Amino acid sequence: MTKIVLEDNGKKGRFVIYDNNEEAGEMTFTWAGKEKFIIDHTEVNDKFGGKGYAKQLVMAGVDYARENGLKIIPLCPYAKMRFDRDESLRDVLA
């Protein structure tokens with residue numbers, strides 16, 4: 001079973017995905033003011049590769065942005081690729 005947890009200290013944060021209570025990957029971000037955040041890194045541990053966890057992490061960030069009226073600046077190459085390929089994400093693109 002997987003779960004995604006948000007950790008945020010007001011300046012930086014991360015979404016962490018757990019697979020059976022083991023940390024499988026993370027997507028880190030930095031706040032750019034109060035209404036935007038920068039996705040700066042997405043990584044999934046090799047042991048958990050191929051399960052779509054990186055996409056789930058980016059989508060957790062997108063859902064968070066939508067729920068809170070925020071915009072995203074995707075500087076991480078993986079996140080940028082997701083935004084470039086999926087037009088349905090453009091509503092949260094800064």
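Description of the structure in this document. As the structure is a prediction and not an experimental result, all values here were calculated from the model.

Cut-offs applied
Residues numbered from 1 in each chain as written. Predicted model: local features only at pLDDT ≥ 70, side-chain atom pairs only at ≥ 80, totals over all residues. Heavy atoms only, no water. Phe/Tyr/Trp six-rings, centres within 6.5 Å; stacked < 30°, edge-to-face > 60°. Buried < 20%, exposed > 50% of the residue type's maximum accessible area, 1.4 Å probe, protein only. Lys NZ or Arg CZ within 6 Å of the ring centre and 35° of its normal. Axes fitted to C-alpha atoms, helices over the stretch in contact; angles between N-to-C directions. Helix = DSSP H or I, 4+ residues; strand = E, 2+ residues; numbered from the N terminus. Parallel < 35°, antiparallel > 145°, perpendicular 65-115°, else oblique. Contact = heavy atoms within 4.5 Å. Nonpolar A, V, L, I, M, F, W, Y, C, P; charged D, E, K, R; others polar. Core = buried A, V, L, I, M, F, W, Y, C linked by side-chain atoms within 4.5 Å. Expected span 1.5 Å × (residues − 1).

For the rest of this paragraph, the subject is the packing of aromatic side chains. Using the criterion set out here, one finds 7 aromatic pairs in the structure. Centre to centre, the rings of Phe29 and Trp31 are 5.8 Å apart; their planes meet at 85°, and the pair counts as edge-to-face. Pair check on accessibility: Phe29 and Trp31 agree, each one buried. Members of the aromatic cluster, connected to one another through ring pairs, are Phe15, Phe29, Trp31, Phe37 and Tyr64. The cationic tip of Lys3 hangs over the ring face of Tyr18; the distance from NZ or CZ to the ring centre is 5.6 Å.

Right, let's talk about the packing of helix 1 (residues 53–68) against helix 2 (residues 77–85) for a bit. It is at 10 Å that the axes of helix 1 and helix 2 come closest, and there the two elements cross at 70°. Viewed along their axes, helix 1 and helix 2 adopt a mutual orientation that is roughly perpendicular. Only Tyr78, Ala79, Arg82 and Phe83 of helix 2 make contact with helix 1, whose side of the interface consists of Ala54, Lys55, Val58 and Val62. Residues that form the contact of helix 1 with helix 2 fall into these classes: 6 nonpolar, no polar and 2 charged.

Next up on the list: the nonpolar core. In this structure, Phe15, Phe37, Ile39, Val62, Ile72 and Phe83 are the most contacted members of the largest nonpolar core, which totals 23 residues. Those elements giving two or more residues to this core turn out to be strand 2 (12–19), strand 3 (22–31), strand 4 (36–44), helix 1 and helix 2. Here this core gets 7 residues from one element, more than from any other, and that element is helix 1. In this structure Ile39 touches Met27, Thr28, Phe29, Ile72, Ile73, Pro74, Leu75, Cys76 and Ala79, once residues within four positions along its chain are discounted.

Bringing helix 1 into the picture now. Spanning 16 residues, helix 1 covers 23 Å between terminal C-alpha atoms, matching the ideal 22 Å at 1.5 Å per step. Looking only at helix 1, the buried set comprises Tyr53, Ala54, Leu57, Val58, Ala60, Gly61, Val62, Tyr64 and Ala65. For helix 1, the elements touching its buried residues are strand 1 (2–8), strand 2, strand 3, strand 4, strand 5 (71–74) and helix 2. Trailing helix 1 by a residue or two, Gly69 shows a phi angle of about 65°, which is positive.

These figures come from the coordinates and say nothing about function on their own.
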